[in-house]
Amino acid sequence: MRTSGPVAFITAVFGLCAWVSGAQPARVDISALLDLYAKGDHDGALKAVAAAGPPQARGWRATLVSTGHAWVHRAPEDLSRRILTAAAFALEFEAIRAEKGEWGVLGPDSCAGRCAIEWACTILRARGEADEAERLWHRGTFALVGGVRDWSFLLTPLTPPTARTRLSGHVLHALSRLRDDPHARLARAIAIASRHIIVDEMDAPRMGERSTSAVATMLPVTAELAANRLQLSVEHARQHFTGLVDDRVVGPEARMRLGYLYWRANLYERAITAEREAAEATTDPSIRYVSYFIAAQAAQVLGALVDAEDLYGKALEARPHSQSATIGLSALKFLRGDAGAAYDAMERARVERPHDDDPWRMFLYGSFPQLPDLIAQLRKRLTP
């Protein structure tokens, strides 16, 4: 039957669209995405994940957790690689959906971002003894969880345990597989210390005078109780970092974070000492930068403004024109009347690093800045 008029026009348009875009693609499901990812087209599989709406993404997550075993066991002769592939896909899946704000969003299936990570953690046990690929995967999960700041997923409770406390959490599952792994131990320490990643607003610095909190003073009894609880909690976190400061892999970062705890507990001299030691022990410019920055902040509170300027300068030697240290140094220059130098430093920072991912601003998020590199390393382990 021949068509004419509007019907013919519409038919022609649909025909042209089909010619341009190719044949209608088959329905995409989680197995198809896993197949694509397993073939090495990681970006192709994840492009679909990124493009999915929340309901579809939640459906894929639920299907992955409920039926992913079937895909893994479809090729028993390649079981170990397929398990690792599924786990890596789950990690990248949740990283993408977390960027869309969906890590903690529950659907009708009551399965949020934690579900897929825990599912993958469970199936990895079937690979036998943990290897370097699994270590990379666990480090990737620590980084992701830091990015969404879901510290209780890593460890519950975060408070000092009592005789009746039952500890649980993803980092303990990792340590059961990776005995005494320094990255897992560091992740546990960071989670415990996360309750203290906050500082009081301080009064303006004054040469030779110790700054005090700008927050209104609490009632004496309340203040004393809060101080005692803070001391116990900081000590609990400190013990976990102290056991790592001499580790050749994570020692400098552990010492840097220990120095932060001292700063948080108003132990400013100890903070400066720890941060100087961390900066001198590391070859990582980001760790050196943050270490000197924290030391500068502590010196500033003590009123040692000349030392603070020197420490900010050392931070900027490690990572030139970084914004946080530039702001700190410029503020002190302005305070002593050198407005021109302060302005020049700020302007150079704006020009040299207009979109700066300042490591100090990422301090709150644990190892999250390492996630892209960890995923890239993990992908290389998936090559058949």
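Above this note sits the structure.
If you're wondering where the values come from, they're calculated on a predicted model, not measured in any experiment.

S.K.: Please clarify how the pattern of salt bridges should be interpreted in this entry.
M.R.: Where charged atoms from two side chains of opposite charge approach closely, those side chains can pair. Here the structure, examined in full by the defined rule, presents 20 salt bridges. We note a salt bridge from Arg61 to Glu94, for which the minimum N-O separation is 2.8 Å. On the criterion of sequence distance, the pair formed by Arg61 in helix α4 (residues 54-72) and Glu94 in helix α5 (residues 79-99) is long-range, its members being 33 residues apart. Glu94 matches Arg61 in its accessibility class, with the two residues each being buried. In this structure, the salt-bridge partner of Glu347 is Arg350, at a minimum N-O distance of 2.5 Å. Taken together, the residues Glu347 and Arg350, both in helix α17 (residues 339-352) and three residues apart, mark about one turn of the helix. A relative accessible area of 28% places Glu347 in the partly exposed class. A relative accessible area of 51% means that Arg350 is categorised as exposed.

S.K.: Looking at this model, I keep getting lost on unusual backbone geometry. Mind explaining?
M.R.: The general pattern is negative phi for most residues beyond glycine and trans for most peptide bonds. Each neighbour pair has its own omega, and for Thr156 with Pro157 the value is -5 degrees, a cis peptide bond. Even without being a glycine, His321 presents a positive backbone phi close to 65 degrees. Along the chain, the position of His321 falls in the loop between α15 (305-318) and α16 (323-335).

S.K.: Got a minute to help me understand helix α12 (residues 251-264) in this structure?
M.R.: Given 3.6 residues per helical turn, the α-helix brings residues three or four places apart onto the same face. With 14 residues, α12 should reach 20 Å at 1.5 Å per residue; the first-to-last C-alpha distance of 20 Å fits that figure. Most of α12 is tucked away: 14 of the 14 residues are buried. Asn266, located one to two residues past α12, shows a positive phi value of around 70 degrees.

S.K.: Just to check I follow, could you spell out the packing of aromatic side chains for this structure?
M.R.: Aromatic ring pairs are described here by two measures, namely the spacing of the ring centres and the angle between the planes. Enumeration according to the criterion identifies eleven aromatic pairs in this entry. A ring pair is formed by Tyr37 and Phe89, whose centres lie 5.5 Å apart and whose planes are at 70 degrees; its orientation type is edge-to-face. With Tyr37 in helix α2 (residues 30-38) and Phe89 in helix α5, this residue pair connects regions lying 52 residues apart in the sequence. Neither Tyr37 nor Phe89 differs from the other in exposure class; each is buried. Sitting over the face of the ring of Trp71, Arg82 holds its NZ or CZ atom 3.8 Å from the ring centroid. Geometry around Phe363 places Arg257 over its ring, the cationic atom sitting 4.5 Å from the centre.

How each quantity is defined
Residues numbered from 1 in each chain as written. Predicted model: local features only at pLDDT ≥ 70, side-chain atom pairs only at ≥ 80, totals over all residues. Heavy atoms only, no water. Salt bridge = Lys/Arg side-chain N within 4 Å of Asp/Glu carboxyl O. Helix = DSSP H or I, 4+ residues; strand = E, 2+ residues; numbered from the N terminus. Buried < 20%, exposed > 50% of the residue type's maximum accessible area, 1.4 Å probe, protein only. Expected span 1.5 Å × (residues − 1). Phe/Tyr/Trp six-rings, centres within 6.5 Å; stacked < 30°, edge-to-face > 60°. Lys NZ or Arg CZ within 6 Å of the ring centre and 35° of its normal.

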